Amino acid sequence: MKKQIVILFTTAVLAVSVAITMPMGMAQAGELRVGYTEDALTLDPANHRARTTQTIIRNMYDGLVTRDPNMKVVPQAAESWKAIDPTTYEVTLQNGITFHDGSPMTSEDVKYTFDRLTRDGAIGGQTSPRKSLVGPVKEVQIVDGRTVRFILSSPWPQFMAFLTLHEVVSKNFTEKVGADGMSKSVMGSGPYKLAKWRKGESVIMERFDGYYGGSQDLKPVGKACSETVIFKTIPENASRVAALLAGDVHIINDLPPHSVRQVENNANTRVMTVNGTRSTFMALNTQKKPFNDIRVRRAVAYAINRQLIVDKILGGKATLINGILGPDAFGKNKNLPAYEFDIAKSKVLLAEAGYPNGLDVTLDVTGKDKDIGQAIASLMTKAGIRTKVVVGESSQLTARFRTKGKPIDGQMYLTSWGNGSLDPVGIFVPTHRTNDRGNSSGYSNSTVDKLLDAANTETDQAKRAGLYSQAEAIVNKDLPKVYLWVAQDLYGVSNRLSGWQPSSDGRINLHDACVK
Amino acid sequence: MNFGKLIERLAQLIPVLLGVMVIVFFMMALTPGDPVDIMIGEQPISAEQEANLRHDMGLDLPPVERFIKFLGNAVTGNFGLSFFHRRPVIDVIAERLPATIELSLVSIILAILTSIPLGVLAAVKKNTIFDRVSTVGSLFGVSLPGFWFGILLLMLFAVHLRILPVSGRIGYAYEVDAVTHLLLIDSLIAGRLDTFANALSHLFLPALTLGLPMAAILMRVTRTSMLEVMSQDYIIFAEAKGISRTRILIRHALKNALIPTVTVAALETGSLLGGNMIVETVFGWPGLGRLVVESIFVHNYPLVQAAVLFYAVTYVFLNFFADILYTVLNPRVKL
């Protein structure tokens, strides 16, 4: 028995030693690896609702339009588009686009793609969860082989912005493989084709040499630089950073601020940043005492030294905001006054509101915002607003604060709202319109509601921007939320990487990315 | 052990599973948080479209009705569609299961192969340096939190020494035909030693992290029960008969001392399923544990229910297996 154990041990040790002496599979030239927080949920572009899934599959599927580095909507598979009237848009495809099997992309495919998104039960009996991202699109008409018309049931000025969220599928292929096949195979027109999906582990793609070149507005036009790209799922922050430092991956997303220095100090890696689209704010419950009093809300705003927190906790990598919209958003009011840090002013306002000796409040935060919550609480406490931080789970806090009209259970909630489309309709409306989905302060102002509603259907873009600007000036005064900052998105990248820029919408498009 | 007992055990499974289903279903249903809200995230949606989505996911019914429907389907093996993967839950779980099984098996084997000899040695060399060192070592083994120890190993072997991979199950260049879906076995079947070595190199750190606490506990249990057995009369008798020391240790002492070890090993294997969740996250291991944790956070009810049922069945069978092993090790014990 003892002998057998010894033999087993020796075998195990030998096997491990063999494994150790094998080359560790360091990335080959032309093979680009991304350490990404999540795996794709499915490969079907119409049957998910996750930005992370879209980020992965967008490298294999092109859309009609996309965004340039400044977040401007530009054509991708489309050659051009025009609005014929407020409810009709005409889009023409580029010449010579083919799917990965070499079959040409035609207006039939475009119509089929949008029918699949909008018709109930079109995905093997399931309805696309992306249906609401197509807005009031009623019908897609084929004009000729390369041209389609989108018919809307009502004017929707954000149409082009939302068109960036959809990818064109091949009608023939989709009909052939069905919903099940679409969930695990790919027939797109993007720069890469699917080589293998190891579920939960990695999506491996190979360059598509027949690529039409992509958006004519985004240089260089042509086939992709890297021969192989791999999205490797590494959910744990520390492990993702370790993978970058070990040279196992060339790009990692969601670099934690506390790892910035580690990545910068490493000779082979660097940090890349881009303005994010997620506004962080502290919602105050305006329905109840003490925050139903605007003086108390303003006292809170004056008590918080936002720049200090950005510098100390976020490594300086955030932009302060004085309204809900981020610096790059459409219709951003650039002239909003700031509530500059001023404890004396805060105390005066508190005394005026009937709290000369200060008051006790509770701030709800999720685990990931705990540090920031504690920093805010200590600053507020110094101003006399004695703040207790309570850490809760995200979906519970959502249920308590985002009540869609029912009474809010809580006082203050440190939270954020993302705005990938960069259009105020994606952030301003849900967080500030009366009883809307993300209105976590119970805020209701009929003038703001009217301005937001009017902007929603205004097709003159300059007028529309003006409406949002006015609404933002009102909420800056009313202060249902203490507007904090838009943090930059942080990426760790290898010094061997070139040609890639992070993008505000969080996508990782690898068409131009090369590894030396 | 007879066939009737097996049937009896299987029958006992029914109330256990029913209880688990009731608890899991209502715990999930009563936890605040709405899967539809989570799915939509921050993107705009109209009330009508939201209601349609809720209907599609079967969430427009009251919880009791949902439970009855779920139960009816579960009996026929239909656990519904995963809310977020939009595919049958069973398929999603089946894709992830082999990775978890492989990791767990290797961890258990690693733990047993190290803990039993060490436990026996520690008992034999009681109160020597070896005994003390291994006792302190096992204390560390039990106390080190997996997420911390895993990252420590990762930083050492993958980042600084660069001799083991950071994450994943196998290198991209390696491909092996799936027979058992366990890469180590499949690569041996295919006669591909390079693939086997690569899979093993990926498996090593996660298995070590997962197996260490189990090894530590098993070692201590083995040591204690060996000490107890060694003072029994039949051991003294065997010694008096002049049987060799090794033979006494292995044939007479160890066989009896293993009974508590087997019990603990079976229970620990159950908790290994929980440990998997952490280790799989740290090492990007594409297993079921990570999937279940992610699913709990996003309130993916169908997937969590099916996975917990699977865990419950596994746990019950592990205990059953331990009971059978008792009877083999100690004929005085009857099922």
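See above for the structure.
Residues numbered from 1 in each chain as written. Chains lettered and ligands numbered in written order. Predicted model: local features only at pLDDT ≥ 70, side-chain atom pairs only at ≥ 80, totals over all residues. Heavy atoms only, no water.

## Observations concerning the overall build of chain B
Item 1. Looking only at helices and strands, one finds 13 helices and 0 strands in chain B.
Item 2. Projected onto its principal axes, the C-alpha positions of chain B cover 85 × 55 × 40 Å.
Item 3. Here chain B holds 335 residues, and the buried ones make up 48% of them.
Item 4. Of the contacts formed within chain B by residues at least 6 apart in sequence, a portion of 71% connects residues at least 24 apart.
Item 5. As displayed, chain B offers around 15600 Å² of accessible surface, 70% of which is attributable to carbon and sulfur atoms.
Item 6. Distance between charge centres in chain B, computed from 24 positive and 24 negative side chains, equals 16 Å. (Helix = DSSP H or I, 4+ residues; strand = E, 2+ residues; numbered from the N terminus. Buried < 20%, exposed > 50% of the residue type's maximum accessible area, 1.4 Å probe, protein only. Contact = heavy atoms within 4.5 Å. Areas by Shrake-Rupley, 256 points an atom, 1.4 Å probe, with all protein chains shown as cover. Lys, Arg positive; Asp, Glu negative; His and termini not counted. Charge placed at Lys NZ, Arg CZ, Asp CG, Glu CD.)

## Some remarks on the nonpolar core
Item 1. Within the largest apolar cluster, 127 residues are counted, with the highest numbers of intra-cluster contacts made by A:Leu64, A:Phe150, A:Met282, A:Ile376, A:Met380, A:Trp500 and A:Leu510.
Item 2. It is strand β17 (residues 481–494) of chain A that contributes the most residues to this core, 7 residues altogether.
Item 3. If sequence neighbours within four positions are ignored, A:Trp500 has contacts with A:Ile251, A:Met272, A:Tyr491, A:Val493, A:Ile508, A:Asn509, A:Leu510 and A:Ala513.
Item 4. Counting 48 residues, the second-largest nonpolar core is a separate cluster that includes A:Leu244, A:Leu490, B:Leu153 and B:Phe196. (Core = buried A, V, L, I, M, F, W, Y, C linked by side-chain atoms within 4.5 Å.)

## Details of the sheet that holds strand β6 (residues 137–144) of chain A
As a general point, the strands of a sheet are linked pairwise by backbone hydrogen bonds and lie either parallel or antiparallel.
Residues and elements named next belong to chain A.
Item 1. Taken in spatial order, the 4 strands line up as β4-β5-β7-β6 in an open sheet, and their pairing is antiparallel. Since the sheet does not close on itself, it has two edges, and those belong to β4 (78–85) and β6, each with one partner. Each strand axis lies, on average, 20° off the axis of its neighbour in the sheet, ignoring direction.
Item 2. Where strand β5 (residues 88–93) lies against strand β7 (residues 147–152), 5 bridges are found, and the strand directions are antiparallel. (Pairing = 2+ DSSP bridges. Axes fitted to C-alpha atoms, helices over the stretch in contact; angles between N-to-C directions.)

## Thoughts on the packing of aromatic side chains
All names here are of chain A.
Item 1. Counted according to the given criterion, the structure contains 19 aromatic pairs over all chains.
Item 2. Arranged with centres 5.4 Å apart and planes meeting at 65°, the rings of Tyr302 and Tyr339 form a pair that is edge-to-face. Remark: Tyr339 occurs in the loop between β13 (318–320) and α10 (343–352) and Tyr302 occurs in helix α8 (residues 294–303); sequence separation between them is 37 residues.
Item 3. Residue classification places Tyr302 among the buried positions, given a relative accessible area of 13%.
Item 4. Residue Tyr339 is classed as buried on the basis of its relative accessible area of 14%.
Item 5. Members of the aromatic cluster, each reached through a chain of ring pairs, are Tyr89, Phe114, Phe150, Trp156, Phe159 and Phe162. (Phe/Tyr/Trp six-rings, centres within 6.5 Å; stacked < 30°, edge-to-face > 60°.)

## With respect to the side chain of B:Thr209
Residue and element names in this part refer to chain B.
Item 1. Within the secondary structure, Thr209 is located in helix α9 (residues 193–230).
Item 2. Within the structure, the side chain of Thr209 is placed 2.7 Å from the backbone oxygen of Leu205, a separation counted as a polar contact.
Item 3. Discounting chain neighbours no more than four positions away, the residues touching Thr209 are Gly146, Phe149, Gly150, Leu153, Val279 and Phe283. (Polar contact = N/O pair within 3.5 Å; in protein donor to acceptor, adjacent residues only side chain to side chain.)

## Digging into helix α9 (residues 306–313) of chain A
Every α-helix winds through 3.6 residues per turn, so residues three or four apart in the chain are directed the same way.
All names here are of chain A.
Item 1. Every buried residue of α9 is listed here: Arg306, Ile309 and Val310. Seen from one end, α9 has its buried residues packed into an arc of 100°, which puts them on one side.
Item 2. Buried residues in α9 make contact with β13, α11 (370–382) and β17.
Item 3. Remark: Gly315 follows α9 within two positions and exhibits a positive phi of approximately 60°. (Arc of directions from axis to C-beta.)

## Here's the deal with the pairing of strand β8 (residues 192–198) of chain A
Residues and elements named next belong to chain A.
Item 1. Relative to strand β9 (residues 202–207), β8 runs antiparallel, the two being bridged by 6 bridges. Bridge pairing links Tyr192 to Arg207 in β9.
Item 2. Hairpin geometry of β8 and β9 is characterised by an intervening segment of 3 residues between the two adjacent antiparallel strands and by a positive phi of about 85° at Gly200.

## Some details on the environment of A:Lys82
All names here are of chain A.
Item 1. Mapped onto the elements, Lys82 comes out in strand β4.
Item 2. According to the relative accessible area criterion, Lys82 is partly exposed, its value standing at 47%.
Item 3. Residues Lys82 and Thr92, spaced 10 residues apart in sequence, show a C-alpha to C-alpha distance of 9.0 Å.
Item 4. Leaving out residues up to four positions away in the same chain, Lys82 has contacts with Thr88, Tyr89 and Glu90.

## Looking at the pattern of salt bridges
Item 1. The final tally for this structure, using the stated rule, is 37 salt bridges over all chains.
Item 2. A:Glu90 is the salt-bridge partner of A:Arg149, the closest N and O atoms lying 2.6 Å from each other. Taken as a pair, A:Arg149 in strand β7 and A:Glu90 in strand β5 lie far apart in primary sequence, 59 residues in all.
Item 3. Among the ionic pairs, A:Asp360 bridges to A:Arg386, the shortest N-O distance being 3.0 Å. With A:Asp360 in strand β14 (residues 359–366) and A:Arg386 in strand β15 (residues 385–392), this residue pair connects regions lying 26 residues apart in the sequence.
Item 4. With relative accessibility at 56%, the residue A:Asp360 sits in the exposed group.
Item 5. Overall, the relative accessible area of 34% leaves A:Arg386 in the partly exposed class.
Item 6. Within the structure, one salt-bridge network assembled from shared partners comprises A:Lys404, B:Asp34, B:Asp37, B:Glu50 and B:Arg54. (Salt bridge = Lys/Arg side-chain N within 4 Å of Asp/Glu carboxyl O.)

## Considerations on the interface of chain A and chain B
Item 1. Counting from both sides, the interface comprises 63 residues of chain A and, opposite them, 58 residues of chain B.
Item 2. Across the chain A/chain B interface, buried area totals approximately 5300 Å², and carbon plus sulfur atoms make up 59% of it.
Item 3. Between the two partners, chain A and chain B, sit 6 salt bridges.
Item 4. The closest approach of N and O atoms between B:Glu175 and A:Lys196, which form a salt bridge, is 3.6 Å.
Item 5. Linking chain A with chain B are 18 residue pairs in polar contact (both at pLDDT 80 or more), by the criterion used here.
Item 6. Among the elements of the structure, α1 (2–21), β1 (31–36), β8, β9, β10 (228–233), α6 (237–245), α12 (394–401) and β16 (412–417) of chain A are those that each provide at least two residues to the side of chain A that touches chain B.
Item 7. For the side of chain A that touches chain B, the element with the most residues is α1(A), which contributes 9 residues.
Item 8. Its residues assigned to classes, the side of chain A that touches chain B shows 29 nonpolar, 18 polar and 16 charged. (Buried area = accessible area lost by both parts, 1.4 Å probe. Nonpolar A, V, L, I, M, F, W, Y, C, P; charged D, E, K, R; others polar.)

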